[in-house]
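Spelled out, the chains give:
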Amino acid sequence: MNIIFGPVNSRRFGSSLGIDLSPSSKQCNFDCLYCELAPMETVDSQHEVVAVEKIIEELKHHLHTKIDVITLTANGEPTLYPFLEELIDAIDTIKGSTQTLILTNSATLVDEKVFHTLLKLDQVKLSLDAVSSDIFKKIDRPHESIQIEKVIQKIIEFSKVYKGKLFIEILFVYGLNDTQEEVAKLNDVLKNINASRIDIGTIDRPPAYPVMGISYKELHEISLMFDAHLPIHIASRIHAEPNNSSYTSDEIMNTLDKRPLTFDDINLLFDDESKIKLQFLIEEEKVVTKTVGNLEFLVLQANAKRKLQKS
Ligand code: SF4
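Cut-offs and rules
Residues numbered from 1 in each chain as written. Predicted model: local features only at pLDDT ≥ 70, side-chain atom pairs only at ≥ 80, totals over all residues. Buried ≥ 20, exposed ≤ 12 C-beta atoms within 10 Å, placed from the backbone. Helix = DSSP H or I, 4+ residues; strand = E, 2+ residues; numbered from the N terminus. Arc of directions from axis to C-beta. Contact = placed C-beta atoms within 7 Å. Pairing = 2+ DSSP bridges. Core = buried A, V, L, I, M, F, W, Y, C linked by C-beta atoms within 7 Å. Domains from an automatic or database assignment.

K.L.:
How should helix α4 (residues 133-140) be read in this particular structure?
P.N.:
Note that an α-helix has 3.6 residues per turn; residues three or four places apart therefore point the same way. Where α4 is concerned, the buried positions are Phe136, Ile139 and Asp140. Seen from one end, α4 has its buried residues packed into an arc of 75°, which puts them on one side. If you follow the buried residues of α4, they end up packed against α5 (148-161). Just downstream of α4, Arg141 is the residue with a positive phi angle, here 45°.

K.L.:
Help me out: how do you make sense of the sheet that holds strand β11 (residues 295-300) in this one?
P.N.:
Adjacent strands of a sheet form backbone hydrogen bonds with each other and so pair up, either parallel or antiparallel. Strand order in the open sheet formed by three strands is β9-β11-β10, and the pairing between neighbours is antiparallel. Whereas interior strands pair on both sides, the edge strands pair on one side only; in this sheet they are β9 (261-262) and β10 (287-292). Pairing geometry for β9 and β11, over two bridges, is antiparallel. Among the inter-strand pairings, Thr262 is bridged to a residue of β11, identified as Phe297.

K.L.:
It is not clear to me how the nonpolar core should be interpreted in this structure. Could you clarify?
P.N.:
As a rule of thumb, nonpolar side chains are buried together in soluble globular proteins. Membership of the largest hydrophobic core comes to 80 residues, with the highest contact counts inside it found for Ile168, Phe172, Val173 and Ile200. Looking at this core, you find at least three residues from each of domain 1 (4-241) and domain 2 (243-311). Setting aside anything within four residues of it in sequence, one finds Ile168 in contact with Leu126, Leu128, Leu190, Ile193, Ala195 and Ile198.

K.L.:
I'm lost on the domain arrangement of the chain in this one. Help?
P.N.:
In many reports, interface size means the accessible area that the parts give up when they come together. Domain annotation of the chain identifies domain 1 (4-241) and domain 2 (243-311). Summarising the inter-unit geometry, the C-alpha centres of domain 1 and domain 2 are found 27 Å apart. In this complex, domain 1 contributes 22 residues to the contact, which on the side of domain 2 involves 17 residues. Listing elements by their share of the side of domain 1 that touches domain 2, those giving two or more residues are β6 (165-172), α7 (216-225) and β8 (232-234). No other element matches the five residues that α7 contributes to the side of domain 1 that touches domain 2.

Here it is, written out as structure tokens:
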């Protein structure tokens, strides 16, 4: 039974040491179409529970100073772990300057105990794949007790009181949540969420059910549908085909005004000449870099203070 895994180098979160809070079987309140684990009936509590002492004992063997984050995750949903608060308190006594992070599907935020426990973490990543109840149910196949309207309300509330770095993740599935209508609804909700970064991605690994992801180009088009001030970041690149498009200096400025991009995005979107023009803009300090939660974005100098504030 492997409780601790890694460290793995994650582009989004740095060097991450994982803790699997459901190491022997999948225990989840969702049964997502895109899950990289096998399909499984949903549960609303864990039946197999690992003792806090055992996790801490193993963590002590693996923890060292080069690790950026201790990531609480699971074969399933980590917030179903019944001793989460006790575990976080125990980790806090040994973690030193290492940050704590949880990757959750957000549904248990409606539980007051979980809501207050997550406030203790340095970083929280909440998933939100859809706003419309029918689309949410199709993609995430949640436990019958879960209503997306209540979850969204709690995500908004959480973002207002949380002091750490909050990341939102949206995973796009072809033909389901990738419509203009659903993106507009997500946009309306995201405007009320105080997030450090919003990662949009798609299916990168073999999914539990026969569904397809969307292309990098489509992700980029979707990214432009969101309000310009939202800190959107395209997180999936596995199936990215280089666009090699040509941009004038003005077009580069306009693009970065709408949506800050990482150097990885630039490499995919720009042809060589456009990259040289961008380099000039950087030298002239019209374009500057800004780091948000481990990632470096290119933004307009004029927007550097206005955008991506909660870093
Ligand atoms: S929430 Fe995560 S673990 Fe649970 S079914 Fe969805 S992708 Fe799989």
